[in-house]
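# A closer look at the structure
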Amino acid sequence: MNAKTHDALHDTPNDTLDSQTAKKQTENPTKPPAAGKWKDPKRYLWLLGPALPGIGLAALTGYAIAPKKLKFLAWTGPVLVHGVIPALDRAIGEDQSNPPESAVSSLEQDKYYNRIVKAFIPGQYALTVMGAWLASRKKTPIEDKIGLTLSVGAINGVGINTAHELGHKSNKLNKLLAMAALAPTGYTHFVVEHNFGHHKRVATPEDPASSRMGESFWKFLPRTVIGGMKSAVKIEKERLARKGKGFWSLDNELLQGWVMSAGFFGATTLICGPRAVPFLAAQAAYGASLLESVNYIEHYGLLRQKDKNGKYERTQPEHSWNSNHIVTNLFLYQLQRHSDHHAHPQRSYQALRHFEKAPQLPGGYASMLAPAYVPQWWYETMDKRVIDHYEGDLSKINWDPDRKAELMARYADYAAEVAAKAAARREEEAGSASEKAA
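For clarity, every value in this text was computed on a predicted model and none was experimentally measured.

Here we come to the overall build of the chain. If you tally the helices and strands in the chain, you get 19 helices and zero strands. The C-alpha radius of gyration computed for the chain amounts to 23 Å, which stays within 12% of the reference 22 Å derived for 438 residues, consistent with globular compactness. In terms of principal-axis extent, the alpha carbons of the chain reach across some 80 × 55 × 55 Å. Across the 438 residues that make up the chain, the buried fraction comes to 54%. When contacts within the chain are restricted to residue pairs at least 6 apart in sequence, long-range pairs at least 24 apart make up 75% of them. In the form shown here, the chain has an accessible surface area of approximately 19,400 Å², with 61% of it arising from carbon and sulfur atoms. Across the chain, the 54 positively charged side chains and the 44 negatively charged ones have centroids separated by 8 Å.

Pasting the structure below:
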């Protein structure tokens, strides 16, 4: 089943833009340079994505050769994700440039970019098997096993983003490779739920993958994991029912994905022995948690408003948190330009645009992971940003219902101050516009 088939079977997703909305959104991106003979300045930098499992494989090889002298290499994954990449983001900074619209067609048709994404998968599989072999050896110390588990899990977590990019393409091979990238984490249901659940309900209380203001990551995690699985099963049951088939059908994409995961875990266990099973389970859980950490970050507190008929407005740039930090964008196939992704789900990563009016995070996704794990740190970093984004209008926020009254009271004074400043600014802008018109 491809994306086009699903689109035909479901109502038009809320983030699929009509022509009027599309026109509004294309007015907002940062103005690109004149096209001319435009060339992608990051063309070869995108190779950092598939290089990541290669880096991990090299580190694990070094550890295998000298496990005592190169003990630190067992921890390469978390050091990269939580240390090196955030540091490089801060050092190198941001890039707000967009490709010219006249270059988008050629960018989309250039197979080089799709091959880069697919190139991640062989290294991902080799890394996972090697990590399982090292972790299953009797002489491997427990602290090294933990490091190996986190290292492989971290890179398989990034592999979920590889699946995200491939899963939005209508080509059947891309769809199968998306599930292959998800198999090491056992999260293959993501292909179904993300495309046809999250993209329809994003930035609403009904979406298990959109976090609410005042909701900690640890409260969000079980809600999104359980809710996402239930959503995927419901979506697939409804699709199969329309074809006159039951859930236990060979056409069931969830079953296909679960078989792929079982096959990979089974083959790896045969190669490495039964002691690999705890490693495989733990790295899968950590990798999946990284995906859900990013989900937590992407839409925190943001809410699509309802019209007079009670229908949610279409997804706009204002409904996703974005970041232009270069290094994380290179490793994550520009996932941080999340507003454009929700506006145009099938637009390839190399063509995604920055929107000036989209809310911006204070750092790249990699930099935001640590704050997300510490609730008070996260609230201090993000809550006032949400209020600033809505210009002090607390009614527009997607609140954690259990904490809504408490937080509205806590932030009432700050919201009033923000609202007053926003009103003064609008009045000043209106006055300037009147003077120009006169």
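To continue, consider the packing of aromatic side chains. The geometry of an aromatic ring pair is captured by the separation of the ring centres together with the interplanar angle, meaning the angle of the planes. Considering all chains together, one arrives at 16 aromatic pairs under this definition. Between F217 and W218 the ring centres are 4.9 Å apart and the planes differ by 70 degrees, which places this aromatic pair in the edge-to-face class. Residue classification places W218 among the partly exposed residues on the basis of a relative accessible area of 46%. With 5.5 Å between their ring centres and 55 degrees between their planes, F220 and Y296 make a pair best called tilted. Of this pair, F220 sits in helix α11 (residues 217-242) while Y296 sits in helix α13 (residues 276-298), and the two are 76 residues apart along the sequence. Owing to a relative accessible area of 0%, F220 belongs among the buried residues under this scheme. An aromatic cluster of at least three residues, connected via ring pairs, comprises F217, W218, F220, Y296, Y300, Y373 and W378. The ring of Y112 carries R43 above its face, with NZ or CZ at 4.2 Å from the centroid. Across the ring face of F247, the terminal group of K237 is positioned such that the distance to the ring centre comes to 5.9 Å.

Moving on, we get to the confidence of the model for the chain. Mean pLDDT for the chain: 91, with 92% of residues reaching 70 or above. A low-confidence stretch, residues 1-27 stays under pLDDT 50, and its non-local contacts, those more than four residues away or across chains, total 56 contacts.

Turning our eyes to something else, we now look at the environment of G153. In this fold, G153 is placed in helix α8 (residues 142-167). Spatially, the C-alpha atoms of G153 and S289 are 9.2 Å apart, while their sequence positions differ by 136 residues.

Tracing the backbone through its elements, the reader meets N295 in helix α13. Classification of N295 by relative accessible area gives buried; the value is 7%. Dropping the residues within four chain positions of it, N295 is found in contact with A209 and F220.

Core analysis: the biggest nonpolar cluster contains 85 residues, and L148, M213, Y296, Y300, W378, I387 and I397 have the highest contact counts within it. By size, the runner-up hydrophobic cluster in this structure holds seven residues, among which are V192, A232, F247 and L254.

Moving on, we get to the pattern of salt bridges. Once the charged atoms of two side chains with opposite charge are near each other, the side chains can pair. Counted by the stated rule, this structure contains 21 salt bridges. Note that R353 is salt-bridged to E101, the shortest N-O span being 3.5 Å. Linking R353 in the loop between α15 (338-343) and α16 (365-373) with E101 in helix α5 (residues 101-109), this pair joins segments that are 252 residues apart in sequence. Note on R353: relative accessible area 2%, which makes it buried. Look at E101 and you get partly exposed, because its relative accessible area is 45%.

Here helix α9 (residues 172-182) crosses helix α10 (residues 190-201) at 120 degrees, and the two axes come no closer than 10 Å. In terms of orientation, α9 and α10 fall into the oblique class. Taken together, the residues of α10 that come into contact with α9 (itself represented by K175, A178, M179 and L182) are F190, V191, N195 and F196. Partitioned by chemical class, the residues of the contact of α9 with α10 number six nonpolar, one polar and one charged.

A contiguous nonpolar surface patch, about 600 Å² in accessible area, is contributed by W75, V79, V84, L88, I92, I142 and I146. Here the element with the most residues in the nonpolar patch is helix α4 (residues 76-92); it accounts for four residues. Mapping I142 onto the fold places it in helix α8.

Calculation notes
- Residues numbered from 1 in each chain as written.
- Predicted model: local features only at pLDDT ≥ 70, side-chain atom pairs only at ≥ 80, totals over all residues.
- Heavy atoms only, no water.
- Helix = DSSP H or I, 4+ residues; strand = E, 2+ residues; numbered from the N terminus.
- Rg over C-alpha atoms; globule rule 2.2 N^0.38 Å.
- Buried < 20%, exposed > 50% of the residue type's maximum accessible area, 1.4 Å probe, protein only.
- Contact = heavy atoms within 4.5 Å.
- Areas by Shrake-Rupley, 256 points an atom, 1.4 Å probe, with all protein chains shown as cover.
- Lys, Arg positive; Asp, Glu negative; His and termini not counted.
- Charge placed at Lys NZ, Arg CZ, Asp CG, Glu CD.
- Phe/Tyr/Trp six-rings, centres within 6.5 Å; stacked < 30°, edge-to-face > 60°.
- Lys NZ or Arg CZ within 6 Å of the ring centre and 35° of its normal.
- pLDDT = per-residue confidence, 0-100.
- Core = buried A, V, L, I, M, F, W, Y, C linked by side-chain atoms within 4.5 Å.
- Salt bridge = Lys/Arg side-chain N within 4 Å of Asp/Glu carboxyl O.
- Axes fitted to C-alpha atoms, helices over the stretch in contact; angles between N-to-C directions.
- Parallel < 35°, antiparallel > 145°, perpendicular 65-115°, else oblique.
- Nonpolar A, V, L, I, M, F, W, Y, C, P; charged D, E, K, R; others polar.
- Patch = residues over 30% accessible without salt bridge, like charges linked within 9 Å, V, L, I, M, F, W, Y side chains within 5 Å.

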